[in-house]
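Listed below, chain by chain, are the residues.
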Amino acid sequence: MAAAKNYETRLFINNEFVDAKSGQTFSVYDPADDSLVTDKVQIAGEADVDAAVDAAHAAYKGAWGAMTGAARGACLMKFAELVEQKAAEVAPLETVSMGVPVAIGGMLMPMVSAIFKYYAGWADKISGEAPPTDDGTYKIMRYEPFGVCAGIGAWNATLLYLAAKAAPALAAGNTFVFKASELAPLAVLAVAPLIKEAGFPPGTINIINGDGKTGALLASHMKIGMISFTGSVPTGRKIQDAANKSNMKKVTLELGGKSPSVIFDDADIENALAQTAQSVIMLTGQACTAASRTYVQEGIADKFIAALKDRFAGMSAAIGDPKQPTTMFGPLASKGQFNRVMAMIESGKKEATLLTGGTRKGDTGNYVEPTIFLNPAKDAQIYKEEIFGPVTAVKTFKTEEEAIEMANDTQYGLAACVYTSSVSRALRVSSKLEAGTVTVNQAFMPSIYTAFGGYKQSGSGREMGGHGVLEYLQMKSVIINMAV
Ligand code: NAD
């Protein structure tokens, strides 16, 4: 563990690190061994949140607002390049705070830069529409920014959330205030100095720390025009409520999931096994898109389930200290998350047949054995609720219709995977699955180019691609009477 003094723990407002006026701090613990990483992360209280929003507002009305799209794009591009250069230094901060293996963290960093680069390209390409003039008026429909936007992230991929929210918001001409999760605030603070270095005027991007109380101050802030949230369904509801009760700011919600994998008899079994296993255990199951329900057709069920069990048992060997470069799967992100997942696993043992796993791995840190439950009851907690751990529930099905019905029988609708060698079945089933993203013959992988977001209670709004930037724009119609 590095000394606490090595970590930046202040707030980043107006292109400078400042001490929080609140005088309060919180601690970050290393989930690999529960040791203290730092107890000095400064919490933004009301006055600090106001200072960050005021800085963002001044930048919007001032230097940032006056810049051309091309100049905004140049700042985003420069920031992407600087993040790329600092990646090796920044990625380990996610490892000590939320346990992502350095090997995986190293793969995520290029995506962070890639998202900033992608939206840099959008900054000077946002044009409007000119509807017909045959009624004697000339009409312009313009996309305009909201002003100050805010982002709140979950802990499992903090820098990706900064990128997926701040980059399109800035490309659209807004300014931004970002709050990371209290479990993983260090990496985003480490990239904050690059904001100034990239040439963003003071106040354009502000980074604040804190838990739900700080988040709630953002959600109810009267000077924030739009807020984008990634996290759980219950918190998403609170943010939507706070927005409604304050200034009715626009809200986009990227929430939880209970995503199905549907494996048909005609699938390439080896591929389906590898992809399903990866999808369940990637980030130790702490991915909103994790395939936590697995449906396999009866013709291949015995073979598939036995092989999946072997794969899960095999993956156990790749779990270990996330700081080691060979480790692929680390601990759960916190003691709280560990206790929550273990409690759900214990309840699962009463609700379904435990096929493999079901225990803690080792006796220190927050490690859990990859776990498979077979045939849970329809109302079993492990089958209905998001676990956010390395656990899947397997059921079998006879027909395509039955598989679709089971896959859709959930409050969530974030992602779904279909495994089949039939193109027509892939098209048919993907059109019927109630999910924001359906992948065929592969596990979910984020793509910069395709809109990502939830059906049903997995959220509202979209990130990535062109739709991602539209969320940060509002439409203004200008109607000019040509007869005068
Ligand atoms: P969480 O909802 O507990 O917290 C998320 C963030 O919200 C944190 O920054 C927290 O400080 C903040 N927060 C808490 N209470 C708040 C309030 N009242 N007002 C404003 N902000 C508040 O979620 P988590 O435990 O950090 O993350 C796990 C959840 O996130 C899972 O449900 C997972 O599926 C979901 N998630 C979704 C996506 C997606 O893109 N759809 C991605 C990753 C994680």
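Small disclaimer: the values here were computed from a predicted structure and weren't measured.

A. How the structure looks around the pattern of salt bridges. Evaluation of the coordinates by the stated rule reveals 24 salt bridges. With a shortest N-O distance of 2.8 Å, Asp124 and Lys125 are connected by a salt bridge. On the accessibility criterion, Asp124 (45% relative accessible area) is partly exposed. On the basis of relative accessible area, Lys125 is assigned to the exposed category, the value being 53%. Salt-bridge contacts for Glu434 lead to Lys456; the nearest nitrogen and oxygen are separated by 2.7 Å. Taken together, the positions of Glu434 in the loop between α14 (423–432) and β17 (437–440) and Lys456 in the loop between β17 and β18 (459–460) put the pair 22 residues apart, joining distant regions of the chain. For Glu434, a relative accessible area of 35% gives the class partly exposed. Overall, Lys456 belongs to the partly exposed group, its relative accessible area being 37%.

B. Just the site of the ligand, in detail. Lining the immediate environment of the ligand, one finds 29 residues, of which Tyr161, Glu182, Ser232, Leu255 and Glu386 sit closest. A distance of 2.8 Å separates an oxygen atom of the ligand from a polar atom in the backbone of Gly153. Glu386 places a side-chain nitrogen or oxygen 2.4 Å from an oxygen atom of the ligand. Alone, the ligand offers 860 Å² of accessible surface; in the complex the protein occludes 88% of this. Of all the secondary structure elements, the ones that give two or more residues to the shell around the ligand are α7 (212–219), β9 (226–230) and α8 (233–245). Partitioning the shell around the ligand into residue classes produces 13 nonpolar, 10 polar and 6 charged.

C. Expanded view of the UniProt feature "domain: Aldehyde dehydrogenase" (unreviewed entry) in the chain. As annotated in UniProt, the feature "domain: Aldehyde dehydrogenase" (unreviewed entry) corresponds to residues 17–478 in the numbering used here. Counted over residues 17–478, helix gives 42% and strand 19%. Its end C-alpha atoms are 41 Å apart.

D. Focus on the sheet that holds strand β12 (residues 293–297). Pairing is mixed in the open sheet, where 7 strands are placed in the order β13-β14-β15-β12-β11-β16-β17. Each of the sheet's edge strands pairs with one partner strand only, and the pair in question is β13 (353–356) and β17. Taken pair by pair, the neighbouring strands of this sheet meet at an average axis angle of 25°, ignoring direction. With respect to the sheet, helix α10 (residues 298–315) is in contact with β11 (260–263), β12, β13, β14 (371–374) and β15 (391–397), its orientation differing from that of β12 by roughly 140°.

E. Quick peek at α7. Three or more residues of α7 are buried, namely Thr214, Gly215, Leu218 and Ala219. Projection of α7 onto a plane perpendicular to its axis shows the buried side chains occupying an angular sector of 145°, all on one side. Where the residues of α7 are buried, they touch α1 (46–61), β6 (148–152), β7 (175–179), β8 (205–208), β9 and α8. The N-cap residue of α7 is Asp211: its side-chain oxygen and the backbone nitrogen of Lys213 are 3.0 Å apart.

F. Quick peek at the pairing of β14. Along β14, one buried face is formed by Thr371 and Phe373 and the opposite face, lined by Ile372 and Leu374, is buried too. As paired elements, β13 and β14 share 3 bridges and run antiparallel to each other. Directly across from Leu354, in β14, lies its bridge partner Phe373. Here β14 pairs with β15 via 4 bridges, running parallel. Paired with Ile372 across the two strands is Thr392, which belongs to β15.

The rules we used
- Residues numbered from 1 in each chain as written.
- Predicted model: local features only at pLDDT ≥ 70, side-chain atom pairs only at ≥ 80, totals over all residues.
- Heavy atoms only, no water.
- Salt bridge = Lys/Arg side-chain N within 4 Å of Asp/Glu carboxyl O.
- Buried < 20%, exposed > 50% of the residue type's maximum accessible area, 1.4 Å probe, protein only.
- Helix = DSSP H or I, 4+ residues; strand = E, 2+ residues; numbered from the N terminus.
- Near = heavy atom within 4 Å.
- Polar contact = N/O pair within 3.5 Å; in protein donor to acceptor, adjacent residues only side chain to side chain.
- Areas by Shrake-Rupley, 256 points an atom, 1.4 Å probe, with all protein chains shown as cover.
- Nonpolar A, V, L, I, M, F, W, Y, C, P; charged D, E, K, R; others polar.
- UniProt positions renumbered as here; feature names shortened; annotations may be inferred.
- Pairing = 2+ DSSP bridges.
- Axes fitted to C-alpha atoms, helices over the stretch in contact; angles between N-to-C directions.
- Contact = heavy atoms within 4.5 Å.
- Arc of directions from axis to C-beta.

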